[in-house]
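Per-entry structural report
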Amino acid sequence: MIIFRKASALSEYLLGINKKRTTIGFVPTMGALHMGHISLIHAAKSRNELVVCSIFVNPVQFNNSEDFAKYPVTTNQDIELLENAGCNVLFLPEGKEVYPPNYIDTVYDIGPLEDLLEGAHRPGHFQGVCKVVDRLLNIVDPGALYLGQKDFQQCLVIKKLLQITGRETALHIIPTKREISGLAMSSRNLRLNEVQQKKASLISEALIFIKENLHKKSLHQLQAEAKQKLEDAGFIVDYVSIANTDSLKPSIDSNDSLVALIAATLDGVRLIDNEVLNSPSKQQ
Ligand code: AMP
């Protein structure tokens, strides 16, 4: 694996690649890699000749400076995991490579997705995500981009970003990798001890509860009960939402194409997860 720290050196290297023969699959990350990230590398590797991963903890997507300061950094271990997964190129930039002095700040018109759910609880977060992804796509110019379903709203935002910037990059969304307990793998889990991680799996249990009872109770009731279960266990719940899979607007119709999304904080660590509940095509 070749490691680049300079954006210009990486772009130059990738420009020298014959893109007709060598397709580039790109996996952007913030590091502290786990098997969820590695499943994205595997997916990219199975469909492309060259896989590029980036590790950059993007300051402009954090609305909470403490969260940014506490974000885990495990670079040596990340490099080893990427080497073992067969990643070809790692982009490991400093902040000034991603946002150089001549960087032109852009505001992205991503519509209502910006202010719903994660957007409502983390103002400015998705503008920050768009800034870094747009910049990284400019540097790497991949044929395909690999994102995790774990960040469901982020996937919709990036889909919109690709539309509004007119890029032809194909977007692949890879299913969430989970611990045996059901807990969605996340870099933030490193901030939880074993007992806390066990408790954190209640989030995925709440999602399964919603899925299994979808046609037995009203959506309103399901959301309220799932929220109560988490609060009883000591979580601070930002939202439990059953929403339309495209708009993420709250739904009241259990035959709609639905996703359940949860954001909740356990002992100071904010976790998110989601579960697609149905899709109209699968209904009889
Ligand atoms: P992050 O490092 O948290 O910014 O995540 C980088 C990419 O990995 C994003 O596209 C995430 O959605 C994806 N990802 C994070 N956790 C998981 C997981 N448990 N399973 C699959 N993909 C994941």
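We now turn to the structure provided with this report. All values derive from a computational prediction rather than experimental measurement. (Residues numbered from 1 in each chain as written. Predicted model: local features only at pLDDT ≥ 70, side-chain atom pairs only at ≥ 80, totals over all residues. Heavy atoms only, no water.)

**Describing the packing of aromatic side chains**
This model, assessed by the stated rule, comprises 5 aromatic pairs. Considering the side-chain rings of Phe 4 and Tyr 13, the 5.2 Å spacing of their centres and the 40 degrees angle between planes classify their relative orientation as tilted. The class of Phe 4 is buried, set by a relative accessible area of 11%. Between Phe 62 and Tyr 71 the ring centres are 5.7 Å apart and the planes differ by 75 degrees, which places this aromatic pair in the edge-to-face class. Here Phe 62 and Tyr 71 have matching classes, each one buried. Taken together, Phe 56, Tyr 99 and Tyr 103 form an aromatic cluster joined through their ring pairs. When the ring centre of Phe 209 is taken as origin, the NZ or CZ atom of Lys 229, which lies over that ring, is 4.4 Å away. (Phe/Tyr/Trp six-rings, centres within 6.5 Å; stacked < 30°, edge-to-face > 60°. Buried < 20%, exposed > 50% of the residue type's maximum accessible area, 1.4 Å probe, protein only. Lys NZ or Arg CZ within 6 Å of the ring centre and 35° of its normal.)

**Considering the nonpolar core**
Within the largest apolar cluster, 44 residues are counted, with the highest numbers of intra-cluster contacts made by Leu 10, Val 52, Val 140, Ile 158, Leu 248 and Leu 261. If one sorts the elements of this core by residue count, helix H7 (residues 125-140) sits on top with 9 residues. Once residues within four sequence positions are removed from consideration, Leu 10 is found in contact with Phe 4, Val 89, Phe 91, Ile 139 and Val 140. Grouped together as the second largest cluster of nonpolar side chains are 26 residues, Ala 200, Leu 207, Ile 210 and Val 269 included. (Core = buried A, V, L, I, M, F, W, Y, C linked by side-chain atoms within 4.5 Å. Helix = DSSP H or I, 4+ residues; strand = E, 2+ residues; numbered from the N terminus. Contact = heavy atoms within 4.5 Å.)

**Examining the packing of helix H1 (residues 7-15) against H7**
Orientation of H1 relative to H7, taken along the N-to-C sense of each, is 50 degrees, at an axis distance of 8 Å. It follows from the interaxial angle that H1 and H7 lie oblique. Along the contact surface, H1 presents Ala 7, Leu 10, Ser 11 and Leu 14, while H7 presents Arg 135, Ile 139 and Val 140. Residues that form the contact of H1 with H7 fall into these classes: 5 nonpolar, 1 polar and 1 charged. (Axes fitted to C-alpha atoms, helices over the stretch in contact; angles between N-to-C directions. Parallel < 35°, antiparallel > 145°, perpendicular 65-115°, else oblique. Nonpolar A, V, L, I, M, F, W, Y, C, P; charged D, E, K, R; others polar.)

**Some remarks on the site of the ligand**
Around the ligand, a shell composed of 16 residues is seen, among which Met 30, His 37, Asp 151, Lys 177 and Met 185 lie nearest. Side-chain polar atom of Asp 151 to an oxygen atom of the ligand: 2.6 Å apart, as the coordinates give it. Between the ligand and Met 185, the relevant distance is 2.9 Å, taken from a nitrogen atom to a main-chain nitrogen or oxygen of the residue. Protein contacts shield 93% of the accessible area of the ligand, which totals 480 Å² for the unbound molecule. With 3 residues, the top contributor of residues to the shell around the ligand is helix H2 (residues 35-47). (Near = heavy atom within 4 Å. Polar contact = N/O pair within 3.5 Å; in protein donor to acceptor, adjacent residues only side chain to side chain. Areas by Shrake-Rupley, 256 points an atom, 1.4 Å probe, with all protein chains shown as cover.)

**Thoughts on the pairing of strand E8 (residues 258-266)**
Of all the 9 residues making up E8, 9 are buried; the element is thus mostly covered by neighbouring parts of the structure. Burial along E8 is two-sided: Leu 258, Ala 260, Ile 262, Ala 264 and Leu 266 facing one way and Val 259, Leu 261, Ala 263 and Thr 265 facing the other are all buried. When E8 meets strand E9 (residues 269-276), the two strands line up antiparallel, connected through 8 bridges. Pairing of Val 259 across the sheet is with Val 276, part of E9. Counting the residues that bridge the hairpin from E8 to E9 gives 2 residues, and of these Asp 267 lies at a positive phi of roughly 45 degrees. (Pairing = 2+ DSSP bridges.)

**Structural notes on the side chain of Asn 189**
Along the polypeptide, Asn 189 turns up in the loop between strand E6 (170-174) and helix H9 (194-200). On the accessibility criterion, Asn 189 (4% relative accessible area) is buried. What Asn 189 contacts, discounting residues up to four positions off in sequence, is Leu 183, Ala 184, Gln 197 and Leu 271.

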